[in-house]
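Residue-level structural notes
Read off the chains here:
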Amino acid sequence: MTQLKERVPAIEGWFTTGEAPALLGSRCTTCGTYFFPREDTFCRNPSCSGREFEQVELSRRGRVWSFTDNRYQPPPPYVSPDPFVPYTIAAVELATERMVVLGQVAPGVDLASLRAGLEVELVLGTLYEDERHEYVVWKWQPVGDGGREG
Ligand SMILES: [Zn+2]
């Protein structure tokens, strides 16, 4: 019998895990600049002295800016399965936030089908698992590619 593992975020507080998962960033209430990972101390915009931030859910869709086939184990906070399995990483541009967010491309997506400007959507996918839990992280999936990640 297969036991259903509990799905938990691999990194606490970086994204929501509902039906429509979204990255959690912060926005400077003074100048409106978005930050991800979230910034809560002082605004990194050099022409702003803002010290107050609100938590925001970032856009769930963006466009591929660049991508690469990753054959090397990434640094923390990324935790990799052992043995390491190569995967594709995409830098995705979020229009509203005017920022680029790195993430793995959802499994099963052919590298050849990726191109700059392709619209992708945030999904949650397994990063690694142990006996009782499935640790999930955000991944980018081409829009209209079905809901493979469930
Ligand atoms: Zn600011």
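Residues numbered from 1 in each chain as written. Predicted model: local features only at pLDDT ≥ 70, side-chain atom pairs only at ≥ 80, totals over all residues. Heavy atoms only, no water.

1. Looking at the nonpolar core
Heads up, the condition is: For the purposes of this section, nonpolar cores are sets of buried Ala, Val, Leu, Ile, Met, Phe, Trp, Tyr and Cys residues that join through side-chain atoms within 4.5 Å. Exposure is judged per residue with a 1.4 Å probe applied to protein chains only, and the accessible area is read against the type maximum: over 50% gives exposed, under 20% gives buried, and values in between give partly exposed. Helix numbers and strand numbers start at the N terminus; a helix is a DSSP run of H or I with at least 4 residues, a strand a run of E with at least 2.
Counting residues in each nonpolar core, the largest one holds 27 residues, and the members touching the most others are Leu23, Leu58, Val101, Trp138 and Trp140. Broken down by element, the residue count for this core peaks at five residues, all from strand S8 (residues 119–129). Of all hydrophobic cores here, the second largest spans five residues; its members include Cys28, Phe35, Cys48 and Phe53.

2. Quick notes on the coordination of the zinc ion
Put simply, the rule reads: Excluding water, the donors of a metal are its N, O and S neighbours within 2.8 Å, or within 3.2 Å for Na, K and Ca, and that exclusion means sites may look incomplete. Only two sets of limits are used to name each site, 85 to 135 degrees for every angle of a tetrahedral four-donor site, and over 155 degrees for opposite donors with all other angles from 65 to 115 for a square planar four-donor or octahedral six-donor site, with any other site named irregular.
Protein coordination at the zinc ion comes from Cys28 (SG), Cys31 (SG), Cys43 (SG) and Cys48 (SG), with a distance range of 2.3 Å. Considering all four donor atoms around the zinc ion, angles at the metal cover 106 to 111° and the coordination shape is tetrahedral. The sequence pattern formed by the donor residues of the zinc ion is C-x2-C-x11-C-x4-C. With a gap of 20 residues between them, Cys28 in strand S2 (residues 24–28) and Cys48 in the loop between strand S3 (34–35) and strand S4 (53–57) connect regions that are remote in the sequence.

3. Focus on the pattern of salt bridges
Quick note on the threshold: Salt bridges are identified by distance alone: a Lys or Arg side-chain nitrogen within 4 Å of an Asp or Glu carboxyl oxygen.
Scanning the model with the defined rule gives eight salt bridges in all. With a shortest N-O distance of 3.3 Å, Arg7 and Glu134 are connected by a salt bridge. Within this pair, whereas Arg7 is found in strand S1 (residues 6–9), its partner Glu134 is found in strand S9 (residues 133–142), the two being separated by 127 residues in sequence. Residue Glu39 pairs with Arg44 through a salt bridge whose shortest N-O separation is 3.1 Å. Take Glu39: its relative accessible area is 14%, and that puts it in the buried class. Via salt bridges that share partners, Arg60, Arg61, Glu119 and Glu121 belong to a single interconnected network.

4. Focus: the packing of aromatic side chains
This is how it is decided: Two rings belonging to Phe, Tyr or Trp (six-membered ring only in the last case) form a pair when the distance between their centres is within 6.5 Å. Interplanar angles under 30 degrees mark stacking, angles over 60 mark edge-to-face geometry, and anything in between is tilted.
Under the criterion given, the structure shown has six aromatic pairs. Summarising the aromatic geometry, the rings of Phe36 and Trp138 are spaced 5.5 Å apart at their centres and angled 80° between planes, so their arrangement reads as edge-to-face. In this pair, Phe36 sits in the loop between S3 and S4 while Trp138 sits in strand S9, placing the two residues 102 residues apart along the sequence. Phe36 gets classed as buried once you look at its relative accessible area, which sits at 16%.

5. Considering the side chain of His133
Basically, it comes down to this: Polar contact is defined as a pair of N or O atoms within 3.5 Å, subject to the rule that within protein one atom must be able to donate a hydrogen and the other to accept it, and that residues adjacent in sequence are counted only when both atoms are side-chain atoms. In what follows, residue pairs with any heavy atoms lying within 4.5 Å of each other are defined as contacts.
Its location among the elements puts His133 in strand S9. We classify His133 as buried; its relative accessible area is 16%. A distance of 3.5 Å separates a polar atom in the side chain of His133 from a polar atom in the side chain of Glu6. In contact with His133, other than residues within four places in its own chain, are Lys5, Glu6 and Val8.

6. Quick look at the sheet that holds S4
Selection rule: A pair of strands counts as paired when DSSP detects no fewer than two bridges linking them.
The sheet built from three strands is open, its strands ordered S3-S2-S4 with antiparallel pairing. Looking along the sheet, the strands with just one partner apiece sit at the ends: S3 and S4. Bridge count between S2 and S3: two bridges; the pairing is antiparallel. Looking at the pairing, Ser26 lines up with Phe35 of S3.

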